[in-house]
Amino acid sequence: STKLYACELLADFLKHQYSKLSEAERLELRRSALTAARMEAPKLRTDSSVLSNKLASLLAALMVRDFPQRWTTCIEDLFFMWNADQPQMGNKMCLEVLKLVAEDCTDSDFNAKISTQRRNDILLGLNEVSSQFLPAFFRSLEQVVVLTQCRANLHNMRTYLVQNQQTISTMTPEQATEYRGQELQAKGIALLIVDTLTTLEKFCRSMPLDWMLNPPNDFSAAFIHLMREPTENIHILAVECLEQLCARGKLTYAKWLQWVQEFPVAIQQVNQRLNLEQEVIQMEATASGR
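Residues numbered from 1 in each chain as written. Predicted model: local features only at pLDDT ≥ 70, side-chain atom pairs only at ≥ 80, totals over all residues. Heavy atoms only, no water.

1. Focus: the overall build of the chain
Our working rule: Secondary structure follows DSSP: runs of H or I at least 4 residues long count as helices, runs of E at least 2 residues long count as strands, and numbering of each begins at the N terminus. Contacts were defined at the residue level, with two residues in contact if any of their heavy atoms lie within 4.5 Å. Accessible surface area values rest on a Shrake-Rupley calculation with a 1.4 Å probe, where residue burial reflects the displayed protein chains alone. We treat Lys and Arg as the positive residues and Asp and Glu as the negative residues; His and chain ends play no part in the count. Charge placement uses NZ in Lys and CZ in Arg. For Asp and Glu, CG and CD serve respectively.
In terms of helices and strands, the chain carries 13 helices and zero strands. When the helices and strands of the chain are listed from N to C terminus, the series reads α-α-α-α-α-α-α-α-α-α-α-α-α. If one aligns the C-alpha atoms of the chain with their principal axes, the spans along those axes are about 70 × 55 × 30 Å. By sequence separation, contacts in the chain at least 24 residues apart represent 73% of the contacts at least 6 residues apart. Element-wise, carbon and sulfur atoms account for 54% of the exposed surface of the chain, whose accessible area totals about 15,000 Å². Of the side-chain charges in the chain, 30 are positive and 34 negative, and the distance between the mean point of each set is 4 Å.

Shown next as structure tokens:
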């Protein structure tokens, strides 16, 4: 489409011509990119959007070049798109931007394209403003409570249908509306948690440990809790985050001891949850008429 082609042209322009722009021209380009992203932001997270990924990549490229010295309001500008009440495409774009920037600054496969000085400037800048975005990420993970309730509601609806010799295809309009609403909410929240964990995995790998381990936003505790949630492979992503923290070899003895004490209980609960998941899957298949 025209919008995708425009993003490609801008991405190429950033690589070869952006450094020649004046401060006013840089500001105008950032504003234009943000305006385009904000038009995409209200879409539901359950929608598929190549354009949102392109815009996130463009914003990340601008951030790498201008944050924090030239773009001092970067995080504030980005998180204008963040919706704390429901999972939207704006949340995904914010997460994707920070994931790409983290890769550019810390991953050896990516960071060869920017100077050491720029990487250090960006990382120092992110550390200064981390309190502006980490609480929002933590609240995203807390949405697992709503996800669990939505999935329980769906299971109860399917059980009711089966007990009354109905299937999903024969639901009344009222039942179908309620069912679809719960299904969309569960899907959107699950995808938002996946997006959040995908970004946090990059942070666990190389960002300051204080970001992940300090109360009140102890992400490691959230990861352990999320080991119990199989939807969209959330449990696997949570374990990958914990693995990255362990691999750094910098955890305190107290934190290691806490994990050693919590893991056996968590793993036992994971096994119980996975056994129950088989019942959920079977009931869904029966209610679907399969």
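2. What about the environment of Ser 169?
Defined as follows: N or O atoms within 3.5 Å of each other form a polar contact, as long as, within protein, one can give a hydrogen and the other can take it, and as long as residues adjacent in sequence are counted only when both atoms are side-chain atoms.
Tracing the backbone through its elements, the reader meets Ser 169 in the loop between helix 8 (144–163) and helix 9 (173–206). At a separation of 2.9 Å, a polar atom in the side chain of Ser 169 contacts the side chain of Thr 167.

3. Remarks on the nonpolar core
The criterion, for reference: As used here, the term nonpolar core means buried Ala, Val, Leu, Ile, Met, Phe, Trp, Tyr and Cys residues forming a set that is joined through side-chain atoms within 4.5 Å. Classification of residues uses two cut-offs on accessible area relative to the type maximum, computed with a 1.4 Å probe and protein chains only: under 20% is buried, over 50% is exposed, and between them is partly exposed.
The biggest cluster of nonpolar side chains holds 84 residues, and the ones touching the most others in it are Met 63, Leu 126, Phe 133, Phe 137, Phe 203, Met 212 and Phe 223. The element that contributes the greatest number of residues to this core is helix 9, accounting for eleven residues. For Phe 203, the residues in contact, after removing those within four places along its chain, are Leu 98, Ala 102, Phe 133, Leu 134, Phe 137, Trp 211, Met 212 and Arg 248.

4. A short note on the packing of helix 3 (residues 50–66) against helix 6 (residues 116–129)
For the record, the criterion: Axis definition: a line fitted to C-alpha atoms, limited for helices to the stretch in contact. Angles are taken between N-to-C directions and run from 0 to 180 degrees. Orientation labels follow simple angle bins: below 35 degrees gives roughly parallel, above 145 gives roughly antiparallel, 65 to 115 gives roughly perpendicular, and whatever is left gives oblique. Under this grouping Gly is polar, as are all residues other than the nonpolar Ala, Val, Leu, Ile, Met, Phe, Trp, Tyr, Cys and Pro and the charged Asp, Glu, Lys and Arg.
Contact pair helix 3 / helix 6: the axes reach a minimum separation of 8 Å and the direction vectors enclose 105 degrees. When the axes of helix 3 and helix 6 are compared, the pair comes out roughly perpendicular. Contacts between helix 3 and helix 6 pair Met 63, Val 64, Arg 65 and Asp 66 from the former with Arg 118, Ile 122 and Leu 126 from the latter. Tallied by class, residues from the contact of helix 3 with helix 6 come to four nonpolar, no polar and three charged.

5. Examining unusual backbone geometry
Cis geometry is adopted by the peptide bond preceding Pro 68, which originates at Phe 67 and carries an omega value of 0 degrees. Tracing the backbone through its elements, the reader meets Pro 68 in the loop between helix 3 and helix 4 (74–78). For the bond running from Pro 215 to Pro 216, omega is 5 degrees, close enough to zero to count as cis. The residue Pro 216 is located in the loop between helix 10 (209–213) and helix 11 (219–226) in this model. Phi is positive for Gln 165, close to 55 degrees, though the residue is something other than glycine. Mapped onto the elements of the fold, Gln 165 is located in the loop between helix 8 and helix 9. With relative accessibility at 72%, the residue Gln 165 sits in the exposed group. In this structure, Asn 233 is a non-glycine residue whose phi angle is positive, near 60 degrees. Looking at the element boundaries, Asn 233 is found in the loop between helix 11 and helix 12 (234–247). By relative accessible area, which is 43% here, Asn 233 ends up partly exposed.

6. Considering the pattern of salt bridges
Rules: Salt bridge, as used here: a side-chain nitrogen of Lys or Arg that lies within 4 Å of a carboxyl oxygen of Asp or Glu.
Evaluated as defined, the whole model comprises 19 salt bridges. The partner of Glu 96 in a salt bridge is Lys 99, with the nearest N and O atoms 3.7 Å apart. In this pair, Glu 96 and Lys 99 both sit in helix 5 (residues 89–106), three residues apart, roughly one turn of the helix. Pair check on accessibility: Glu 96 and Lys 99 agree, each one buried.

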